[in-house]
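# Coordinate analysis (summary)
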Amino acid sequence: MRVHLGLSAGLVASLGLATTVIAQTSGNINAIARVRQPINVAAGQDLDFGIVIQGTPATIASTAAAAGRFDATGTPNANVNINFTLPSNLIDGAANNLPIGTWSGCFNQTAAVNSSGCTAIASMAGTTPTTFGNVAGTGRLWVFVGATVSPAAAQVVGTYNGTVTMTLTYF
Amino acid sequence: MMLTRGLVLAALVIAVPGEASAQLIVTGIRNLDFGVVLQGVASVVPPTDPVKSGQFYFRTPGLGTRVRIRFTLPTQLNGPGGASMPISFANNDARAQGTAPASLPILFNPNGAAVFTMTTSPDANVWLGGRVAPAAAQAVGTYSNTVIMTVTMF
């Protein structure tokens, strides 16, 4: 059946008609793929503010010993984007909120160290491009996070928790 | 001199139809780019992918032209240090569509030949999808190979 839609599929070969080639030409493209190792991200250390006092903000810098840490492996020297999903509140067992914000971060491609040689992340709300380091043939990346919690003067006493998610994507 | 001029005119009239029917253009527009694929994880690009699918363009002399499209497809992509990775193409991994607004897309099997008649536009785009299957220990790096589309006017 012939379909007249811009192009139509013909069945010339099945009719057994002799065909005369008027012209023939070719064009090329490439098929391309970039193979990478899977990315693994592990929780290295929680961001633990410890004891905080009602009405008194508490800050942990991304360069502090108590900073949260993610440990990642992937293809050495491969380009990767860092993205975060950050909570705006920590929550206790009774659904009380403890505000958290002013996030900070830094990353190190050679060692799990943030006291020096840790590259600051300009915007925790955006995408940070970087690369995996190459540590003895393994792609490594350590990412540290800090923030400030702001308990109200009448903040309900208790333990508050939240989840920080880091996503790494090859590009 | 008058006789010579008359002969030149006759030669031009004969030559023009032959030149018009040979005006077939085929151009590679965009690579079939799977992007980053992970070891051990097969990856598929449909011909409808607006970024990753391969794209060709061809132009014929005019409406009513019949063409046969055939691909020369690789079975593997070649990578670093002699490594290779299988690539395959399935039914409906090719899509053709004329450039006229009323043209509708037609899916076809890129592993065989497809015949079309140009009914609403003398030109068309052809998109190609495919799939790669990296091994669990596939060597890291960039793999590539060539895809050829041949258009025959008859």
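Residues numbered from 1 in each chain as written. Chains lettered and ligands numbered in written order. Predicted model: local features only at pLDDT ≥ 70, side-chain atom pairs only at ≥ 80, totals over all residues.

### Here we look at the overall build of chain A
Stated precisely, the cut-off is as follows: Strands are runs of DSSP state E lasting at least two residues, helices are runs of H or I lasting at least four, and both sets are numbered from the N terminus onward. Exposed residues have 12 or fewer other C-beta atoms within 10 Å of their own C-beta, buried residues have 20 or more, and partly exposed residues fall in between, where C-beta atoms are placed from the backbone.
Helix and strand counts for chain A stand at one helix and 13 strands. For chain A, the residues scored as buried account for 26% of the 171 residues in total.

### Quick look at the overall build of chain B
Heads up, the condition is: By the convention adopted here, residues are in contact when the distance between their C-beta atoms, placed from the backbone, does not exceed 7 Å.
Summing up its helical and strand segments, chain B has one helix and 13 strands in all. Each helix and strand of chain B, placed in order from N terminus to C terminus, yields the pattern α-β-β-β-β-β-β-β-β-β-β-β-β-β. Restricting the contact set of chain B to residue pairs at least 6 apart, pairs at least 24 apart contribute 71%.

### Overview of unusual backbone geometry
All names here are of chain A. Its identity is not glycine, yet asparagine 77 carries a phi of approximately 70°, on the positive side. Positive phi outside glycine occurs at alanine 136, with the angle close to 55°. Residue position: alanine 136 is located in the loop between β11 (133-135) and β12 (138-149). Overall, the presence of 6 C-beta atoms within 10 Å leaves alanine 136 in the exposed class.

### So, the pairing of strand β4 (residues 54-59) of chain B
Residue and element names in this part refer to chain B. Heads up, the condition is: Between any two strands, pairing holds if DSSP finds at least two bridges.
Across the two faces of β4 the burial differs, with Gly54, Phe56 and Phe58 buried and Gln55, Tyr57 and Arg59 not buried at all. As paired strands, β4 and strand β11 (residues 123-128) are joined by six bridges and run antiparallel to one another. When the sheet's bridge partners are listed, phenylalanine 58 is paired in β11 with alanine 124.

### Considerations on the sheet that holds strand β1 (residues 25-30) of chain B
In sheet architecture, strand pairing relies on hydrogen bonds along the backbone and comes in two forms, parallel and antiparallel. All names here are of chain B. In plain terms, the rule: Axes here refer to lines fitted to C-alpha atoms; in helices the fit is confined to the stretch in contact. Angles between the N-to-C directions go from 0 to 180 degrees.
Reading across the sheet, the five strands line up as β1-β4-β11-β8-β9 and stay open at both edges, with antiparallel pairing between neighbours. A strand with exactly one partner marks an edge of an open sheet, and here the two such strands are β1 and β9 (106-108). Within the sheet, the average angular offset between the axes of one strand and its neighbour, ignoring direction, is 25°. Direction of pairing for strand β8 (residues 94-98) relative to β9: antiparallel, over a ladder of three bridges. What sits directly across from alanine 96, in β9, is isoleucine 106.

### Focus on the interface of chain B and chain A
Here is the rule: When residues are sorted by character, Ala, Val, Leu, Ile, Met, Phe, Trp, Tyr, Cys and Pro go into the nonpolar class, Asp, Glu, Lys and Arg into the charged class, and all the rest, Gly among them, into the polar class.
Taken together, the contact pairs 61 residues of chain B with 30 residues of chain A. Those elements giving two or more residues to the side of chain B that touches chain A turn out to be β1, β2 (32-38), β4, β7 (84-88), β8, β10 (114-118), β12 (130-132) and β13 (141-153) of chain B. Sorting elements by how many residues they give to the side of chain B that touches chain A places β13 of chain B first, with 13 residues. Along the lines of polarity and charge, the residues of the side of chain B that touches chain A split into 34 nonpolar, 24 polar and three charged.

### Some remarks on the sheet that holds strand β10 (residues 128-131) of chain A
All names here are of chain A. Strand order in this open sheet of three strands is β10-β6-β13, and the pairing throughout is antiparallel. One side of each edge strand has no neighbouring strand; the edge strands of this open sheet are β10 and β13 (165-170). In this sheet, neighbouring strand axes are inclined to one another by 35° on average, regardless of whether the strands run parallel or antiparallel.

### Let's talk about the pairing of β11 of chain B
Both β8 of chain B and β11 of chain B contribute to a ladder of five bridges, which runs antiparallel. Within β11 of chain B, the position partnered with glutamine 97 of chain B by the bridge is asparagine 125 of chain B.

### With respect to the nonpolar core
Here is the rule we go by: When buried Ala, Val, Leu, Ile, Met, Phe, Trp, Tyr and Cys residues are joined through C-beta atoms within 7 Å, the set is termed a nonpolar core.
Grouped together as the largest cluster of nonpolar side chains are 38 residues, with contacts concentrated most on Ala33 of chain A together with Val126 of chain B. Core analysis: the next-biggest nonpolar cluster, separate from the first, contains 25 residues, Val80, Ile121, Phe144 and Val145 of chain A among them.

### Points about the environment of threonine 159 of chain A
Residues and elements named next belong to chain A. Here threonine 159 lies in the loop between β12 and β13. Judged by the 8 C-beta atoms lying within 10 Å of it, threonine 159 is exposed. In this structure, the C-alpha to C-alpha distance between threonine 159 and glycine 50, residues 109 residues apart in sequence, is 9.4 Å.

### Some remarks on the confidence of the model for chain A
All names here are of chain A. Worth spelling out the cut-off: The quantity called pLDDT is the predictor's confidence in a given residue, expressed from 0 to 100.
In the predicted model, chain A carries a mean pLDDT of 91, and 89% of its residues have values of at least 70. Here residues 1-6 scores under 50 on pLDDT; set against residues more than four positions off or in separate chains, the count is 18 contacts. Every residue in residues 9-16 scores below 50 in pLDDT, and together they form 13 contacts with partners more than four places removed in sequence or on other chains.

### Quick notes on the environment of threonine 169 of chain A
Residues and elements named next belong to chain A. Tracing the backbone through its elements, the reader meets threonine 169 in strand β13. By the C-beta count within 10 Å, which is 13 here, threonine 169 ends up partly exposed. In this structure threonine 169 touches Val80 and Asn81, once residues within four positions along its chain are discounted.

### Let's talk about the environment of leucine 24 of chain B
The topology assignment puts leucine 24 of chain B in the loop between α1 (2-21) and β1. Taking the C-alpha atoms as reference points, leucine 24 of chain B and proline 61 of chain B, 37 residues apart in sequence, are found 6.5 Å from one another.

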